[in-house]
Amino acid sequence: MDSSERYCYKPTLQWNPQVQDYLVKAYGAQHFSRISKALTYPSCYTCIRVNTLKSTSDDVIDKLRELISERMTPVPDDLVEDVNDPATVELQSGIVSKCQVPGLDYVLFFKGSGPHSIDYDACTSDKPLKEVIVSRKCAEAVLRGAQVYVPGVLACSANVEKGDKVAVSVAIEQLRPDGGWAVGITRGIVVQGSEADPQFIERRGLYIGEGTAALSRAGMFRVNEGVAVDMHNRVFKLPSLHGVLEGEIFLQNLPSIISAHALDPQPGERIIDMCAAPGGKTTAIALLMKDRGEVVATDRSHNKVRNIQKLAAEMGLSCINAYKLDALKACRRCVSDDKPVLYSSDDLPVQTSELLRLTMEASLAILDVKSNGDEKHHENESDGNTNHGVYTSKASLRKSIRKMKNGPGRNQSIGGRVENSKGFPPDSFDRVLLDAPCSALGLRPRLFAGEETLESLRHNAEYQRRMFDQAVQLVRPGGVIVYSTCTINPGENEGLVRYALDTYNFLSLTPQSPKLGGPGIVGKCDHPDGHTEEWLRPGEEDLVQRFDPSSPLDTIGFFIAKFAVGPKVSGLQANISNLETANANLEQ
């Protein structure tokens, strides 16, 4: 085998066959082939949003350029593409530059480069390369600029010592005889590097770079954390800005920033971000409002809500109120005022040291009495054969004592608690952003897509419709709803728009600004099981934004739809209105 064909990066994205046929129908074979290839590459720039409350774009550019001179070699001029489309990002003026789109001058682009051909030193010799095989998730992070960390290592050549130069390849899921997908590499195996190696063919075209082993082979499989390979020669050379200028900048994909602009938030308004984690869009909205008004951020994960709170504090934003709340339960019609119904994760305040001491003493006394009691009596109690009360096991008591002794825990400690909301009343928000959980088939780089099936994609669409129903209830008449996803699946994008317009006659698509994405998909798809999936109708395609990963913008796959909310009509009134319209048509 030609080493240039083997030791290279030319991945082929694997899809579920039915999903692939469906997407080919939506995009056409050639277009889908371009999208599929683009998804295996990362964007060749990092998008940075400047916190305008704390800094300016010029100040951040100066600081980043200073870091560049310390850490990096500038990108050669011949690696910077000539961009002629005025709607695309401008990257020629240096490694770090401002976005040239009007109104987005606080967005910066940090230019990278790739894909590069790598000359692996050992390829020309008879001695096999020393290799490290990493998991797919690890490889996708490395392609975006990360190092190889210990948890991501699957296999390694024999006799790899600290300081050795190693080639890094990735293990991708393979189709099994039973139709499922699995990685054909067992963690910890020795990579032979010869054609007799069972995994030899699997690694063809999946080499992501070269690095220096930070640990020996034994160390990579003995420790649980730390850097395993320090990457110094990568297929894609992208800047790593982890921990850089915290509070002044936030790394965010360009379409996500556009979705916050499409919402057009105004100072003094009340806005809800229904699926807010990790907080990028929430903070972008707050900045556009100049931190005046209220941005309600909700997520059903306690820790994610805490992260939103931390991000808001880090960026100095005071208008953000974050709550733990399932988006499917965001609207509660039993609420009588404009405040969320809140309840604490603990009914009682954190115990004082004196109360804690007394409670522990009482629990220990109970534990001592029960430990000296009759075990048979306890068994009878646990079986429900007595009326003396519910039996509390010694294990449960010990667990309670440990909890009291160690404190309430990180998530419930002072400064670590979040408010749980039971929902908000109808029509209580001026604008609603629903960046819905989705199949994420637009995220880049992506090295495998076979896990999604037509059934799972359809389930996602149904889930998103239920969330959208909640958004419609929360927004006031005259308000705005922005719906967005990071997937290329039309059923989760145009299909949701069709559902919204057909279900709610007071909703209408409205133009977005800025408009950088392309048009939506018009038409429908007839599935083999008889289900028909309807998308946009002629005239609606230019009122949405679809970001194509294969376009010159070089973004992730993304979709944005903006709805204007007209006067809401009750079910009875809607029926009467429909009957009146039908009668008028008959008379004509």
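None of the values given here were measured: they were computed from a predicted structure.

Novice: What's the story with the overall build of the chain in this structure? I'm lost.
Specialist: From N to C terminus, the chain includes 15 helices and 25 strands. Considering only contacts within the chain whose residues lie at least 6 apart along the sequence, 79% involve residues at least 24 apart. Accessible surface computed for the chain: about 28,500 Å², of which carbon and sulfur atoms make up 49%.

Novice: Would you mind going over helix α2 (residues 17-27) with me for this structure?
Specialist: For an α-helix, the turn length of 3.6 residues means that residues three or four places apart are oriented alike. Residues V19, Y22, L23, A26 and Y27 constitute the buried set of α2. Projected down its long axis, α2 shows its buried positions confined to an angular sector of 120°, all on one face. More than 90 degrees from the buried face of α2, the exposed residues found are P17 and K25. Each element contacted by the buried residues of α2 is listed here: α3 (29-39), α13 (454-474), β22 (524-526), β23 (532-534) and β24 (544-547). Once α2 finishes, G28 follows within two positions and takes phi at roughly 90°, a positive value.

Novice: In this structure, what is going on with the UniProt feature "active site" (unreviewed entry) in the chain? I would like to understand it.
Specialist: According to UniProt, the "active site" (unreviewed entry) feature falls on C486. Within the element layout of this structure, C486 appears in the loop between β20 (475-485) and α14 (494-503). Residue class for C486 comes out buried when judged on its relative accessible area of 17%. In contact with C486, other than residues within four places in its own chain, are C438, A440, L441, G442, L443, I556, G557 and F558.

Novice: So what exactly am I meant to see when it comes to the environment of L104 here?
Specialist: Looking at the element boundaries, L104 is found in the loop between β2 (96-98) and β3 (107-111). Sequence-distant contacts of L104, defined by excluding residues within four places in its chain, comprise C99, I257, I258, H261 and P514.

Novice: Got a minute to help me understand the side chain of T283 in this structure?
Specialist: Counting through the fold element by element, T283 comes out in helix α8 (residues 280-288). You can call T283 buried: its relative accessible area is 1%. Leaving out residues up to four positions away in the same chain, T283 has contacts with R49, L311, M315, L317 and I320.

Novice: Sorry if this is basic, but what is going on with the sheet that holds β2 here?
Specialist: The strands making up a sheet associate through backbone hydrogen bonding, with each pair oriented either parallel or antiparallel. Across the sheet, 4 strands lie side by side as β2-β3-β1-β13; this open sheet has antiparallel pairing. The sheet is open, and its two borders are formed by β2 and β13 (249-251), each paired with just one other strand. Neighbour-to-neighbour, the strand axes of the sheet open up by a mean angle of 30°, direction not taken into account. Where α8 meets the sheet, it contacts β1 (45-50) and β13, and its direction lies at approximately 45° from that of β1.

Novice: When you look at the nonpolar core in this model, what are you seeing that I'm missing?
Specialist: Soluble globular proteins: nonpolar side chains tend toward being buried together. Counting 45 residues, the largest nonpolar core has L104, V107, L254, I285 and I320 as its most contacted members. Counting residues per element, this core draws most heavily on helix α7 (residues 254-263), which supplies 6 residues. Apart from the residues within four sequence positions on either side, I320 is in contact with T282, T283, A286, V295, A297 and A312. Grouped together as the second largest cluster of nonpolar side chains are 39 residues, A327, A471, I481 and L496 included.

Novice: Could you clarify how one ought to interpret the packing of aromatic side chains in this entry?
Specialist: Centre distance and the angle of the planes are the two values used to describe a pair of aromatic rings. For the structure on display, the rule yields 16 aromatic pairs. Ring centres of Y7 and Y207 lie 4.9 Å apart, and the angle between their planes is 65°; this geometry places the pair in the edge-to-face category. In this pair, Y7 sits in the loop between α1 (3-6) and α2 while Y207 sits in strand β11 (residues 207-213), placing the two residues 200 residues apart along the sequence. As far as burial versus exposure is concerned, Y7 and Y207 are alike and both buried. A centroid spacing of 6.1 Å and a plane angle of 90° characterise the contact between Y9 and F236, whose relative ring orientation is edge-to-face. With Y9 in the loop between α1 and α2 and F236 in the loop between β12 (227-234) and β13, this pair connects stretches of sequence that are 227 residues apart. Neither residue differs from the other here; Y9 and F236 are each classed as buried. Positioned above the aromatic ring of Y7, the side-chain terminus of R6 is 5.2 Å from the ring centre.

Novice: For this particular structure, what's the right way to read the pattern of salt bridges?
Specialist: Where charged atoms of side chains with opposite charge meet at close range, the side chains can pair. Counted by the stated rule, this structure contains 20 salt bridges. Here R431 makes a salt bridge to E269, at a shortest N to O gap of 2.6 Å. Here E269 lies in the loop between α7 and β14 (270-273) and R431 lies in strand β19 (residues 429-435), a separation of 162 residues in the sequence. Of the two residues, R431 and E269, neither departs from the other in class, the shared state being buried.

Novice: Explanation requested: the packing of α7 against α8 in the structure shown.
Specialist: Helix-helix packing: each pair is described by the crossing angle between the helix axes and the interaxial distance. Packing of α7 against α8 leaves a shortest axis separation of 9 Å and a crossing angle of 45°. When the axes of α7 and α8 are compared, the pair comes out oblique. The way α7 lies across α8 gives a crossing that is right-handed. The residues of α8 that touch α7, namely those facing S256, S259, A260, H261 and L263, are K281, A284, I285 and L288. Looking at the contact of α7 with α8 residue by residue, the classes come out as 5 nonpolar, 3 polar and 1 charged.

Novice: Just checking my understanding: could you explain the side chain of D164 for this structure?
Specialist: Mapping D164 onto the fold places it in the loop between β6 (153-157) and β7 (165-170). Using a relative accessible area of 19% as the deciding quantity, one classes D164 as buried. Within the structure, D164 has its side chain in polar contact with the side chain of K130 (distance 2.8 Å). The residues touching D164, leaving out its near neighbours within four places in the chain, are K130, N159, G211, T212 and A213.

Novice: I keep staring at unusual backbone geometry and nothing clicks. Help me out?
Specialist: In most cases, non-glycine residues show a negative phi, while peptide bonds are predominantly trans. Following R444, the chain continues to P445 via a peptide bond in cis, the omega torsion being -10°. Residue position: P445 is located in the loop between β19 and α13. A cis amide bond links S513 with the next residue in sequence, P514, at an omega value of -5°. Assignment of secondary structure puts P514 in the loop between β21 (507-509) and β22.

Novice: I'm lost on helix α5 (residues 136-143) in this one. Help?
Specialist: Of all 8 residues in α5, 6 are buried, a share of seventy percent or more. Residues of α5 that are buried: R136, C138, A139, E140, V142 and L143. In the core, the buried residues of α5 are packed alongside β4 (131-134), β5 (148-149), β7, β11 and β12. With its phi angle positive at about 115°, G145 sits one or two positions after the end of α5.

Criteria and thresholds
- Residues numbered from 1 in each chain as written.
- Predicted model: local features only at pLDDT ≥ 70, side-chain atom pairs only at ≥ 80, totals over all residues.
- Heavy atoms only, no water.
- Helix = DSSP H or I, 4+ residues; strand = E, 2+ residues; numbered from the N terminus.
- Contact = heavy atoms within 4.5 Å.
- Areas by Shrake-Rupley, 256 points an atom, 1.4 Å probe, with all protein chains shown as cover.
- Buried < 20%, exposed > 50% of the residue type's maximum accessible area, 1.4 Å probe, protein only.
- Arc of directions from axis to C-beta.
- UniProt positions renumbered as here; feature names shortened; annotations may be inferred.
- Pairing = 2+ DSSP bridges.
- Axes fitted to C-alpha atoms, helices over the stretch in contact; angles between N-to-C directions.
- Core = buried A, V, L, I, M, F, W, Y, C linked by side-chain atoms within 4.5 Å.
- Phe/Tyr/Trp six-rings, centres within 6.5 Å; stacked < 30°, edge-to-face > 60°.
- Lys NZ or Arg CZ within 6 Å of the ring centre and 35° of its normal.
- Salt bridge = Lys/Arg side-chain N within 4 Å of Asp/Glu carboxyl O.
- Parallel < 35°, antiparallel > 145°, perpendicular 65-115°, else oblique.
- Left-handed = near helix turned anticlockwise from the far one by under 90°.
- Nonpolar A, V, L, I, M, F, W, Y, C, P; charged D, E, K, R; others polar.
- Polar contact = N/O pair within 3.5 Å; in protein donor to acceptor, adjacent residues only side chain to side chain.

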